[in-house]
Amino acid sequence: MKTRPETIPVHRYTTAGSGRAGASSWLRLAGWIAVLGATMLAALFIGWIGFMASDDSLYHAGAIRWLTDPPFPGSDHWSTRFPLTLTFAAVIRVMGNNFAAFAATALLFYILLVVVVGGIIAAIDTPRAGWIAALLTATFPVVVAHASTVSVDLLEATALVVGAWLVGSASESRAGLLRAGLGGVMFGIAVLCRETSVLALAVLGPLMLLGRPVPRSAIMACGLGAMLVLLGEAAFQYTLTGDPLRRYAIAFHHDEHIDRAANHEGNFLLWPPIDPLLVLFVNDDFGLLFWAIVVAGLGQGWKRMLPDRQVPFLLLAAMAIGSFLLVSALYTKLVLNPRYFMLLALAASMMLAIWLDRAARTIRMLVLAALIASNLLLISVGNAHPRWSLEALMLAAEAHPEATIAGAANDVARADIPMAFLRQANVRSLPARPGDLVLAATDSAPAGQVIARYPSPPTRLGAVIQWLGLEPFVPNAISRRMFAPNADMVLVRPHGG
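Further remarks concern the overall build of the protein chain. When helices and strands are tallied, the protein chain shows 22 helices and five strands. Looking at the protein chain as a whole, 50% of its 497 residues qualify as buried. Within the protein chain, contacts between residues separated by at least 24 positions form 75% of all contacts whose residues are at least 6 apart in sequence. Element-wise, carbon and sulfur atoms account for 66% of the exposed surface of the protein chain, whose accessible area totals about 23,000 Å².

Between helix α5 (residues 127-139) and helix α17 (residues 361-380), the shortest axis-to-axis distance is 9 Å and the interhelical angle comes to 20°. As judged from the angle between their axes, α5 and α17 are roughly parallel. Between α5 and α17 lies a crossing of left-handed hand. Note on element contacts: α17 touches α5 through R364, L368, L371, I372, N375, L376 and I379, opposite R128, I132, L135, L136 and T139. Residues of the contact of α5 with α17, tallied by class, amount to eight nonpolar, two polar and two charged.

All told, the structure shown has 14 aromatic pairs when counted by the stated rule. Arranged with centres 5.3 Å apart and planes meeting at 80°, the rings of F51 and F102 form a pair that is edge-to-face. Taken as a pair, F51 in the loop between α1 (19-47) and α2 (55-68) and F102 in helix α4 (residues 99-124) lie far apart in primary sequence, 51 residues in all. Assessed through its relative accessible area of 21%, F51 is described here as partly exposed. The class for F102 is buried, based on a relative accessible area of 3%. When the centroid spacing of 5.4 Å and the interplanar angle of 80° are considered together, the rings of F286 and F290 count as edge-to-face. Residue class for F286 comes out buried when judged on its relative accessible area of 1%. Among the residues examined, F290 registers a relative accessible area of 4% and is labelled buried. Members of the aromatic cluster, joined through ring pairs, are F51, F88, F99, F102 and F421.

Okay, the pattern of salt bridges next. For the structure shown, the criterion picks out 10 salt bridges. Note that D153 and R194 form a salt bridge whose closest N and O atoms lie 3.0 Å from each other. Of this pair, D153 sits in helix α7 (residues 153-168) while R194 sits in the loop between α8 (174-193) and α9 (198-201), and the two are 41 residues apart along the sequence. Judged by its relative accessible area of 5%, R194 falls in the buried class. We note a salt bridge from R247 to E233, for which the minimum N-O separation is 3.6 Å.

Let us look at the environment of N383. Its place among the elements puts N383 in the loop between α17 and α18 (388-399). Each C-alpha atom, one on N383 and one on A484, is 9.2 Å from the other, the two residues being 101 residues apart in sequence. In this structure N383 touches P485 and N486, once residues within four positions along its chain are discounted. Here the side chain of N383 touches H385 through a polar contact of 3.0 Å, landing on its backbone nitrogen. Side-chain polar atoms of N383 contact the side chain of N486, separated by 2.9 Å.

Basis of the calculations
Residues numbered from 1 in each chain as written. Predicted model: local features only at pLDDT ≥ 70, side-chain atom pairs only at ≥ 80, totals over all residues. Heavy atoms only, no water. Helix = DSSP H or I, 4+ residues; strand = E, 2+ residues; numbered from the N terminus. Buried < 20%, exposed > 50% of the residue type's maximum accessible area, 1.4 Å probe, protein only. Contact = heavy atoms within 4.5 Å. Areas by Shrake-Rupley, 256 points an atom, 1.4 Å probe, with all protein chains shown as cover. Axes fitted to C-alpha atoms, helices over the stretch in contact; angles between N-to-C directions. Parallel < 35°, antiparallel > 145°, perpendicular 65-115°, else oblique. Left-handed = near helix turned anticlockwise from the far one by under 90°. Nonpolar A, V, L, I, M, F, W, Y, C, P; charged D, E, K, R; others polar. Phe/Tyr/Trp six-rings, centres within 6.5 Å; stacked < 30°, edge-to-face > 60°. Salt bridge = Lys/Arg side-chain N within 4 Å of Asp/Glu carboxyl O. Polar contact = N/O pair within 3.5 Å; in protein donor to acceptor, adjacent residues only side chain to side chain.

Here it is as structure tokens:
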């Protein structure tokens, strides 16, 4: 029987031959690195959000428990995501317990995803296709939205992509089956990141029955690798808590807390059967990606790859499409959040990169420039300060350490980490007590002496428009969202206080 290659060789820039050819290759490589680095920096600058006092606070709590009271089995839906909390704990150990550790952890996952996507496409196709895929991935709004805030999304996506590559490039030999087993380990890690990864992995069942394009033996080895991780976690839970399925019980009960109203945040929805497609085509988290993929699909550039090189891509695409279909079918159980379709976006970027690599130079440059520019533009219209009232509370507390600042209960509840970093405890929930300063939105602040004002920062695009003096030309319908996406806050000393 003919077996497939053990591994898929990486196309490398050669430095053999004349010195001129070698120098040209190194210059080309340096040029790609410079372009990718500059693009990533631009995306991060435009889309930086940072600490959100949301899920990142819960991941932080889990990471701290690993540092102060190990081993920690997790106490909620977030702290049982051990691939993230253990990584976060390691970063905190190195950098200290501060906001820099939050940023470094998020950036680590962002850089890892971009490098993995680009490296895999370079391995199965060409280096240029790999660089194109990396550039697209680095600027996707759905990716950049998680690039500065600690979240599990990018780590989960990375594990799924690496797993698909390892399994899709495995042969039936001993070394190939070991490779498939390692791919299964990555799939197991993805499930530990988020249980909904099984939606993408469900496609392995039908592929097992077909026996192609991935050999049955490779899928079996993959399953063993995944079970090794999941059974290891179950044994860990059993040892510490007596319940091997504890994480899954926690995850299933988490469903009760999902806010279905989030379906309408950033989505254009018309009719349940087509709403998932509308999320892909009419959502600023994906921009023009899926419109461009229609053209790329017609070009079918990926078919020009050697047959063995197609398999990892086809496996990833099957996983992404399967996940999309299952999320669509579970419309009433899951929120139509674009992050659930990130794997499909990554597969689409790879397909688009392969197509662009084979397109005429002019078309390639124009399409790539249009996609990157539109991605950065869409990132720039997002609200970079979604917790502005909390940020203002922290600014007020830091500027007036001798006073007690009374603010909204929700903001005070989220302020424990920032206040700990400030080493202060001078905030409390409204209503204010005599002598307190009150932080409130301008239109709801109590009567009194205004101590400080905290106007809402504009969006990144809004700031550029203001700098250019073009604000008067912006229609009123979008002016507030552009220049004041949050309520302005004021710090007030109430009359008689």
